[in-house]
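# Fold and contact review
Chain by chain, the residues:
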Amino acid sequence: MYERGTTELDRTITPELLDHYIDTGCVHASEIALVKSGPSLHPDCHQTKGRTDPAKLHKHYADGYTIRLGNLQRVIPFLTDASHAIQHETGYSNYLHAFLTPPGSQGLLHHWDQQMAVIVQISGVKRWQLWRPEYPSPMREYQESFRVWNPDFIPKWEAAGPDLEIDLRPGQSLVLPRGWVHNPHALDSDERSIHLTFAIRERTALWLTEKLITSAIEQPEFRRVILPSKTRGPELAQQLRQTRTVLVEYLEALDIDEIADIVSKAAVTELEYTT
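Conventions and cut-offs
Residues numbered from 1 in each chain as written. Predicted model: local features only at pLDDT ≥ 70, side-chain atom pairs only at ≥ 80, totals over all residues. Heavy atoms only, no water. Buried < 20%, exposed > 50% of the residue type's maximum accessible area, 1.4 Å probe, protein only. Helix = DSSP H or I, 4+ residues; strand = E, 2+ residues; numbered from the N terminus. Arc of directions from axis to C-beta. Contact = heavy atoms within 4.5 Å. Polar contact = N/O pair within 3.5 Å; in protein donor to acceptor, adjacent residues only side chain to side chain. Phe/Tyr/Trp six-rings, centres within 6.5 Å; stacked < 30°, edge-to-face > 60°. Lys NZ or Arg CZ within 6 Å of the ring centre and 35° of its normal.

Attention now goes to helix α3 (residues 54-62). Within the sequence span of α3, burial applies to Leu57, His60 and Tyr61. The buried residues of α3 occupy one face: seen down the axis, they fall within an arc of 105 degrees. Exposed residues lying more than 90 degrees from the buried face of α3 are Ala55, Lys59 and Ala62. Looking at the packing, one finds that the buried side of α3 touches α2 (15-24), β2 (32-35), β4 (51-52), β5 (66-69) and β6 (93-101). The N-cap of α3, judged by a side-chain oxygen 3.0 Å from the amide nitrogen of alanine 55 a few residues on, is aspartate 53. Just downstream of α3, glycine 64 is the residue with a positive phi angle, here 100 degrees.

See the structure below:
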C-alpha cells in the first residue's frame, strides 16, 4: 500500500462526478450491478425499459446496496486516456470499475479475481481483509472463484483470520495480486466509501503461445481435414503425434524477431485481453 500525492486523477474523479453519472443515467444499464453481501440483484431491479433508472439506483443504495459502475473507461474520456496510458507503459490491457458502498454496508463477500487490481480509494474508508491465495495465478476458465468454490472456504478463512487487514483511506492505493482472497467492506464506517478498481490484465506465457500459433492457419497442414475415424480409437493418438511433429516444425521455422515486433505492437493495442 502506498499514498499518492495530488494527481490529475484526484482532481477529476470525485464523489460528485460519480453521483452525476448515476443521476443522469449515462452509465449503460448493462455495466451496473447492485450487490449487498452476496450475489448481484437481477438487472431489472435498476432498469426501466432496458435503460438505467436513477431513481431505482438511489432506492437500492438507500437500502444498503453497493452500486458498481462498470467499464468507466468507455464513458469518461479522461479515464480512457488513463487506461491507454497504463497499457502503453506496461503492455497490459485494463478496465476500470467504481464501487459506491453506503455507510455500514458491504457489497461483494470473500472472493478472488483472475487479474491483478489496483484499488484507489476516493472517499470514505474501506476495510480490506486479505488472505493468501487458495490457488496460484488463477485465470479465466481456470481456478476462478465460482469454478472451484467450496462452501467451507469462508468459515475456514474467518476462523483463521486474515493474513493482512488494511483500512484504505482517501488518497491511498492498494495493489492486489491476482488470486489473493479479499473481503472488502465498510461495515464499521459511518460514511460512504467510494473506490476505483483498475483491473490489470497481465500478459502470460499462454498469451505468448497464442501469438506464436496465430499464423499457423496460413499453413495447409493446419487446415487439413482430420477424418472422423482419426478422432477416436487407437488412430487418435497417432494423429496427435503427427500434429505435434508438424507444430514443432512450424515453431522452429518462425522468425522470432519478426514475431516479437508483432507481439510488441499487440501488447499496447489489444483491448481487454481475457486472462
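From this point on, the discussion continues.
It is worth spelling out the packing of aromatic side chains at this point. In the structure shown here, the tally under the stated rule is nine aromatic pairs. Taking the centre distance of 5.7 Å and the plane angle of 50 degrees together, the rings of tryptophan 112 and tyrosine 135 count as tilted. Here tryptophan 112 is found in the loop between β6 and β7 (116-123), whereas its partner tyrosine 135 is found in the loop between β8 (126-131) and α5 (153-160), with 23 residues between them in sequence. Taking the relative accessible area as the measure of exposure, tryptophan 112 reaches 3% and is therefore buried. What links up through ring pairs into an aromatic cluster is the set Trp112, Trp131, Tyr135, Trp149, Phe153 and Trp157. The ring of tryptophan 207 is capped by arginine 203, whose NZ or CZ atom sits 4.5 Å from the centre of that ring.

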